[in-house]
Amino acid sequence: FYFKTISITMQRSLNTYSMMMLLLLACSAKSGFVEAFTTPTSSIQQSAGKRVTHGAPIFASVASYQLDEDFSNNGNNINSRRIQIQRLFGKKGAKTSTSRAICTALPFLLLKRLSIGSSVAWAASTATSVPTFKKKEILSYRAWCFLKATGQNILTSLRHPTKDTFKVIAYTLVSIYLLTNIVEGMAASKRQKLDATSEWGRYADKPAARGQALSLLMMQLTPYAILPSLLDKFSKKKKDDLSETEYKSTRAHKLRRRGGEMFADGLLKLGPLYVKIGQILSCRENLFPDEWITAMERLQDRVPAKSGKEAWDLLYDAAPGGKAGFHKQFSDFDDVPLAAASLGQVHRATLRSSGERVAIKLQRSRLRDIYDKDLALMKKIAKIVDKFGKAGQVGGIEQSWVSIFNDAESILYREIDYRDEADNAIRFANDFGIGLGGVEIESTAKGVDGNALPSAAEWLRTPYTYGDLSSEKFLVMEYVPSIKANNNEALDKAGVTLEDREFLAECLAHAYLRQFCAHKFFSTDPHAGNLGIEVFEDERAPRVVFYDFGQACSLADDQAGGILEIIESIVDSDAKKSVSAFSRMGVLKDSADLEMVQAKCQQNYDEGKLKVKKRKSRKSSRYSTKEKVLAKESEKAELDARIDSAGQAKNTTDTSEGVNDLEVMASFTLQSEYAFVARALSQMDGVGKSLDPEFDFISAAAPYLVEVKGTGKYLTDEIKKKFTFVYGEDGILAKELQLFKSLGLKLPTKE
């Protein structure tokens with residue numbers, strides 16, 4: 001019946017909307033509608049106003065529209081239309097499941113945005129006379145009539161539901177949901193072209209929208225990840241055989257560069273936590289092609305920022321005392337940011353009291369709200385992963401993702417409170433003995449022997465922090481310009497030599513050896529955006545500059561001591577000492593097979609997987625003042641001899657058959673603090689290799705074990721190693737102690 005009704009409407013005004021309605025209704029029909037063109041119009045009119053049960057119930061309301069003119073076409077036109085319809089749909093309308101349901105849903109979505117035109121009659125029934133409306137009221141009245149009739153027929157259909165009724169309803173809801181998301185996604189894409197960070201809040205409110213955006217990003221990246229490798233494989237010339245200019249002209253390079261840009265843009269659009277992920281990945285050159293690494297490096301300090309009026313608004317909102325409070329303390333504010341990252345942006349200003357140039361870090365808006373929602377979701381994921389047992393292991397090592405997440409959550413929340421960052425920055429500077437202007441002050445950190453460590457001001461710099469002027473969203477620091485640590489082109493222009501870069505990489509390792517083993521407090525985020533190189537015009541060697549202490553972690557005494565012991569055991573290739581260090585660190589389970597762990601350590605040492613390299617000698621004399629810790633050449637020679645003799649006469653376990661890695665890893669458990677140690681080492685290694693391709697942390701840090709332990713303790717420990725028959729676990733002193741205990745005697749103690 002309603003096909004016949006539509007056919008008459010089609011004869012009245014054959015426009016786009018009417019044609020779409022006819023085709024969509026045809027797809028969802030239970031029976032053919034070709035006969036609609038051969039039935040007298042009077043039969044249709046007589047049936048008007050009756051309850052309709054034929055065809056798709058949702059669209060039965062079409063039958064209730066008033067027919068205000070007869071079907072007046074001649075037979076030739078009817079037959080012509082009949083033949084056209086038969087070609088499109090066959091003799092009878094078939095059930096088409098998915099396509100029918102989608103087509104059934106689309107009219108509702110279209111009617112949501114389209115006005116009801118003259119091609120569809122607007123009366124509620126043939127028995128109802130049409131009242132006179134003002135021109136402005138006609139559209140709303142027509143919509144009301146349509147919705148009323150549609151609602152009535154939907155309720156009628158639900159009173160007598162069939163299997164097809166539920167199918168149509170389900171497919172309709174799914175179609176509406178999908179189309180709504182598509183429309184929202186298109187609108188979001190337009191907004192992100194103007195500001196890539198515009199959807200951070202929406203994604204936090206609607207995690208499903210972020211999930212869809214992430215899925216779409218992965219789909220878009222797939223060809224850019226696969227095709228370059230295939231092109232390289234089937235290319236006549238291999239990548240290694242091409243010059244840099246030749247490679248940049250290849251299709252593979254262009255695809256990798258485009259893929260890297262898409263990946264970096266996608267992470268930037270997803271939110272601040274994903275920007276953090278990109279910053280970490282940008283330091284792992286072994287995981288991604290160079291083009292991807294280059295693209296992700298801009299996430300370190302070139303995230304879109306607010307400038308002009310928006311920067312001033314952000315400033316007044318964050319500054320203690322608002323607008324008046326800011327102008328009382330500062331002047332010459334530059335509303336164009338120096339740099340911008342995931343959480344904030346940095347501007348220059350001047351202190352009124354002293355005239356000193358300072359850098360002011362302003363926090364982005366709504367960060368705490370975004371963190372609340374994103375971290376709540378991630379915590380649920382961590383709980384699910386922990387429930388799957390082995391599925392949550394990394395490299396076979398058992399760990400509690402909930403525990404790791406809780407510590408990460410604590411660090412991330414502290415990162416968006418700039419008062420905590422100010423405290424971290426002040427402690428970092430005091431531990432290294434660095435004051436305002438980079439001058440040397442007394443270090444508050446002590447070595448293993450309990451003596452104060454020397455100031456690092458000659459080889460390390462960090463901005464002085466004005467804690468009394470800072471607040472939760474407003475951080476004031478000394479302005480310290482530098483060159484980004486991995487900007488090789490700028491370093492070349494500044495005259496930083498290869499020897500300088502090797503020294504700077506060693507300084508980076510030196511700094512983290514002190515942080516891990518003596519300070520027991522370290523920055524967990526040493527990516528290239530947080531590290532700079534300060535270059536001097538005189539003959540002084542350049543020094544490393546540390547920025548951004550929003551993320552920092554503390555270590556317990558045994559954790560710090562265990563890390564020091566594991567570094568020394570690697571220097572000595574001593575498997576037995578390695579196991580002892582693991583026990584002190586607390587990373588071995590109570591049920592761990594210590595002999596198997598020791599055998600695996602020894603196997604790694606024997607195969608050269610953990611091999612310490614000798615320190616490189618330097619010709620320039622300007623590094624000599626930085627090496628007071630190795631003032632005597634004899635000490636350097638002793639370290640080289642220690643490395644040469646590493647592993648000799650220590651292999652007491654047969655490793656000829658090898659040890660299964662997974663079995664060994666099952667003996668370990670990962671504490672949350674070591675996840676942050678691993679992260680810091682990973683990022684530091686990436687920056688170190690950008691300065692010195694042969695960089696590795698253990699080899700670069702080994703010469704500074706003397707400083708961390710103290711010269712007296714270091715030499716005492718070395719003597720004990722050489723006289724193991726006296727001081728070893730099975731040495732003379734150990735046996736005498738065991739004898740005293742067996743006789744019930746007590747050793748004399750110092751009063």
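Above this text sits the structure in question.
Every value quoted in this text rests on a predicted model; they were computed, and no experiment measured them.

Attention now moves to the overall build of the chain. Helix and strand content of the chain: 31 helices and 13 strands. Sorting the 751 residues of the chain into buried and exposed places 46% on the buried side. Long-range pairs, those at least 24 residues apart, make up 73% of the contacts in the chain with a sequence separation of at least 6. As displayed, the chain offers around 38600 Å² of accessible surface, 55% of which is attributable to carbon and sulfur atoms.

With that out of the way, let us pick up a positive patch on the surface. Together, Lys-190, Lys-193, Arg-258 and Lys-269 make up a positively charged patch on the protein surface. Mapped by element, the contributors of at least two residues to the positive patch are helix H7 (163–194) and helix H11 (251–270). The residue Lys-269 is located in helix H11 in this model.

This part takes up the sheet that holds strand E8 (residues 483–484). Ordered in space as E6-E11-E10-E8, the 4 strands form an open sheet in which the pairing is mixed. The sheet is open, and its two borders are formed by strand E6 (460–461) and E8, each paired with just one other strand. As defined by bridge partners, strand E10 (residues 531–534) adjoins strand E11 (residues 543–546) across 4 bridges and the pair is classed as antiparallel. Bridge pairing links Glu-534 to Arg-543 in E11.

In total, this model carries 19 aromatic pairs according to the counting rule given. Aromatic pair Phe-288 and Trp-292: ring centres 5.9 Å apart, planes at 15 degrees, arrangement stacked. Taking relative accessible area as the criterion, Trp-292 reaches 7% and is therefore assigned buried. When the centroid spacing of 4.5 Å and the interplanar angle of 40 degrees are considered together, the rings of Phe-428 and Phe-549 count as tilted. Of this pair, Phe-428 sits in helix H18 (residues 418–432) while Phe-549 sits in the loop between E11 and strand E12 (552–554), placing them 121 residues apart in sequence. For the pair Phe-428 and Phe-549, one class covers both residues: buried. Each residue in the set Phe-428, Phe-432, Trp-459, Tyr-512, Phe-516, Phe-522, Phe-546, Phe-549 and Phe-697 is aromatic and connected to the rest through ring pairs, giving one cluster. Between the NZ or CZ atom of Arg-540 and the centre of the ring of Phe-536, over which it lies, the distance is 3.8 Å.

For the rest of this paragraph, the subject is empty space enclosed by the protein. This structure, assessed with the given rule, holds 6 cavities of 30 Å³ or more. A volume near 70 Å³ is recorded for the second largest cavity. In this structure, the second largest cavity is lined by 10 residues; those nearest its centre are Ser-282, Cys-283, Glu-297, Asn-486 and Gly-686. By residue number, the principal contributor to the lining of the second largest cavity is helix H26 (residues 672–691), which donates 3 residues. Residues belonging to the lining of the second largest cavity are distributed by class as follows: 3 nonpolar, 5 polar and 2 charged.

Each value, and the rule that gives it
- Residues numbered from 1 in each chain as written.
- Predicted model: local features only at pLDDT ≥ 70, side-chain atom pairs only at ≥ 80, totals over all residues.
- Heavy atoms only, no water.
- Helix = DSSP H or I, 4+ residues; strand = E, 2+ residues; numbered from the N terminus.
- Buried < 20%, exposed > 50% of the residue type's maximum accessible area, 1.4 Å probe, protein only.
- Contact = heavy atoms within 4.5 Å.
- Areas by Shrake-Rupley, 256 points an atom, 1.4 Å probe, with all protein chains shown as cover.
- Patch = residues over 30% accessible without salt bridge, like charges linked within 9 Å, V, L, I, M, F, W, Y side chains within 5 Å.
- Salt bridge = Lys/Arg side-chain N within 4 Å of Asp/Glu carboxyl O.
- Lys, Arg positive; Asp, Glu negative; His and termini not counted.
- Charge placed at Lys NZ, Arg CZ, Asp CG, Glu CD.
- Pairing = 2+ DSSP bridges.
- Phe/Tyr/Trp six-rings, centres within 6.5 Å; stacked < 30°, edge-to-face > 60°.
- Lys NZ or Arg CZ within 6 Å of the ring centre and 35° of its normal.
- 1 Å grid on protein atoms, 1.4 Å probe; cavity = no way out; pocket = protein on both sides within 12 Å on 5 of 7 lines; lining within 4 Å.
- Points joined across faces, edges and corners; volume = space filled by probe spheres on them.
- Nonpolar A, V, L, I, M, F, W, Y, C, P; charged D, E, K, R; others polar.

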